[in-house]
Amino acid sequence: MEEIIRNNYVVPSWDYLSHYPFGRPFDRFFGWEYTMALLYLAANLFGSFTTIEIANIAPVFMIALSCIVAYLLGKMLNSCYSGLTLAFLISTSPVVLGLTMAGMCDSDAAVIFMSLLSAYS
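Summary of the structure given here. Everything numeric in this text was worked out from a predicted model, so none of it was measured.

Time to look at the overall build of the protein chain. A tally of helices and strands in the protein chain yields six helices and two strands. Starting at the N terminus and walking to the C terminus, you meet the elements of the protein chain as α-β-β-α-α-α-α-α. Reported as C-alpha extents along the three principal axes, the dimensions of the protein chain are approximately 60 × 30 × 25 Å. Expressed as a percentage of the 121 residues in the protein chain, the buried residues total 32%. In the protein chain, of all internal contacts separated by at least 6 residues, the share reaching a separation of at least 24 is 51%.

In structure tokens:
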């Protein structure tokens, strides 16, 4: 994420920190990294945050968005109460809580969000 921010949000072409002394080309799959970089950009409009703080907050933010989409999906399928139940089950699931605890910045929270969003769409 820091490499993307330092490169003015352009995809970097070469990773100098891996495979010493030559480096290697970057992969072109930067979905989660760009999501966190854009969250960093948006959060710094409201205050001063570090990249580590954004990496800790990003999974919680994605799960909050997942609860909104789960509510809309349940409301569309049955009723308002089923939407609330689905959002409650998503937010209190042990698997989801394990993903968002202790600053574990993995893309699993984004996978849950995208799965629910694709089911809703």
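Moving on from the coordinates now.
One pass over the full model with this rule turns up one salt bridge. A salt bridge links arginine 6 to glutamate 2; its shortest N-O distance comes to 3.8 Å. With arginine 6 and glutamate 2 both in helix H1 (residues 2-6) and four residues apart, the pair spans about one turn of that helix.

Counting residues in hydrophobic clusters, the biggest one holds 28 residues, and the most contacted among them are Trp32, Met36, Met62 and Leu116. Sorting the residues of this core by element identifies H1, helix H2 (31-43), helix H3 (51-77), helix H4 (80-92) and helix H6 (108-120) as the ones contributing at least two each. With nine residues, the single largest contributor to this core is H3. Once residues within four sequence positions are removed from consideration, methionine 62 is found in contact with Trp32, Thr35, Ala109, Ala110 and Phe113.

A separate point is the side chain of serine 66. With respect to the helices and strands, serine 66 occurs in helix H3. Beyond its immediate sequence surroundings of up to four residues, serine 66 is in contact with Ile90, Ala109, Ile112, Phe113 and Leu116.

Within the secondary structure, threonine 51 is located in helix H3. Linking threonine 51 and methionine 1, residues 50 residues apart in sequence, is a C-alpha distance of 7.7 Å. Every residue in contact with threonine 51, bar those within four places of it in the chain, is listed here: Met1, Glu2, Ile5 and Tyr40.

For threonine 51, a relative accessible area of 12% puts it in the buried group. Polar contacts involving the side chain of threonine 51 include one to the side chain of glutamate 2, which spans 2.7 Å.

Thresholds applied
Residues numbered from 1 in each chain as written. Predicted model: local features only at pLDDT ≥ 70, side-chain atom pairs only at ≥ 80, totals over all residues. Heavy atoms only, no water. Helix = DSSP H or I, 4+ residues; strand = E, 2+ residues; numbered from the N terminus. Buried < 20%, exposed > 50% of the residue type's maximum accessible area, 1.4 Å probe, protein only. Contact = heavy atoms within 4.5 Å. Salt bridge = Lys/Arg side-chain N within 4 Å of Asp/Glu carboxyl O. Core = buried A, V, L, I, M, F, W, Y, C linked by side-chain atoms within 4.5 Å. Polar contact = N/O pair within 3.5 Å; in protein donor to acceptor, adjacent residues only side chain to side chain.

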